[in-house]
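# Descriptive analysis of the structure
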Amino acid sequence: MPGDACEDCGYTDADHWLGEALLCDRCFDKRVARLTGYPELPEAPPPITLTDAEGHRHKLRFRGRRQVSRSNWRSSGCLLIAALVPRAELDMTQRFLEPNPHRAGYVLADNKDVVEGLLVWSNEGGPVGTPYDVVID
């Protein structure tokens, strides 16, 4: 559970289990590298702070995590981050939704015809058949 301490280093945001050990990203990777013989992942880049369209500041934190993949983190990870940062900077300056002037809720902003978002599990217990909330902006 996030907020619990890493068994190896004491970092207070550990969220990986390896056997009975609760570990942070770095310690998890060190143990997996030791067990498998694979090299350790490089350090993730430091966090960056971006400002959104309303002037609110948001911290973007990077995490290096092992995944089953055909690509190599050392070669593709840096390229992915290099591509992500400019896109995040641009997207944060735009509003995709605006308050509906006629009723509660939101509508697409005037200059948008597509939005991107994600579905997250709703703990609110909404109407039957709607276990997810849509998160945009």
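Conventions we followed
Residues numbered from 1 in each chain as written. Predicted model: local features only at pLDDT ≥ 70, side-chain atom pairs only at ≥ 80, totals over all residues. Heavy atoms only, no water. Salt bridge = Lys/Arg side-chain N within 4 Å of Asp/Glu carboxyl O. Helix = DSSP H or I, 4+ residues; strand = E, 2+ residues; numbered from the N terminus. Buried < 20%, exposed > 50% of the residue type's maximum accessible area, 1.4 Å probe, protein only. Pairing = 2+ DSSP bridges. Polar contact = N/O pair within 3.5 Å; in protein donor to acceptor, adjacent residues only side chain to side chain. Expected span 1.5 Å × (residues − 1). Contact = heavy atoms within 4.5 Å.

### Quick notes on the pattern of salt bridges
Inspection of the entire model under this criterion finds 10 salt bridges. Arg63 is the partner of Asp15 in a salt bridge, and the nearest nitrogen-oxygen pair spans 2.9 Å. You can see Asp15 sitting in the segment before strand E1 (16–18) and its partner Arg63 sitting in the loop between strand E4 (57–60) and helix H2 (73–92), a full 48 residues away along the chain. Overall, Arg63 belongs to the partly exposed group, its relative accessible area being 30%. For Asp25, the salt bridge is made with Arg63, and the minimal N-O distance between the two is 2.7 Å. Taken together, the positions of Asp25 in helix H1 (residues 25–36) and Arg63 in the loop between E4 and H2 put the pair 38 residues apart, joining distant regions of the chain. On the basis of relative accessibility, which here comes to 17%, the residue Asp25 falls in the buried class. Within this structure, Arg26, Asp29, Glu40 and Glu43 form a network of salt bridges that share partners.

### Structural notes on the pairing of E4
In the case of a regular strand, side chains alternate between the two sheet surfaces. Two strands pair when backbone bridges link them, and strand E3 (residues 48–51) and E4 are joined in this way by four bridges, in the antiparallel orientation. In the sheet register, Thr51 faces E4, and the bridge partner there is Arg57. Connecting the antiparallel pair E3 and E4 is a turn made up of five residues, with Gly55 showing a positive phi of about 90°.

### Topic: the side chain of His16
Structurally, the position occupied by His16 is in strand E1. With a relative accessible area of 10%, His16 lands in the buried category. There is a polar contact of 2.6 Å between the side chain of His16 and the side chain of Asp25.

### Here we look at H1
With 12 residues, H1 extends 16 Å between its outermost C-alpha atoms, agreeing within 8% with the 16 Å of an ideal straight helix rising 1.5 Å per residue. Of all the residues in H1, the buried ones are Asp25, Cys27, Phe28, Asp29, Arg31, Val32 and Ala33. Buried residues in H1 make contact with E1 and strand E2 (21–23).

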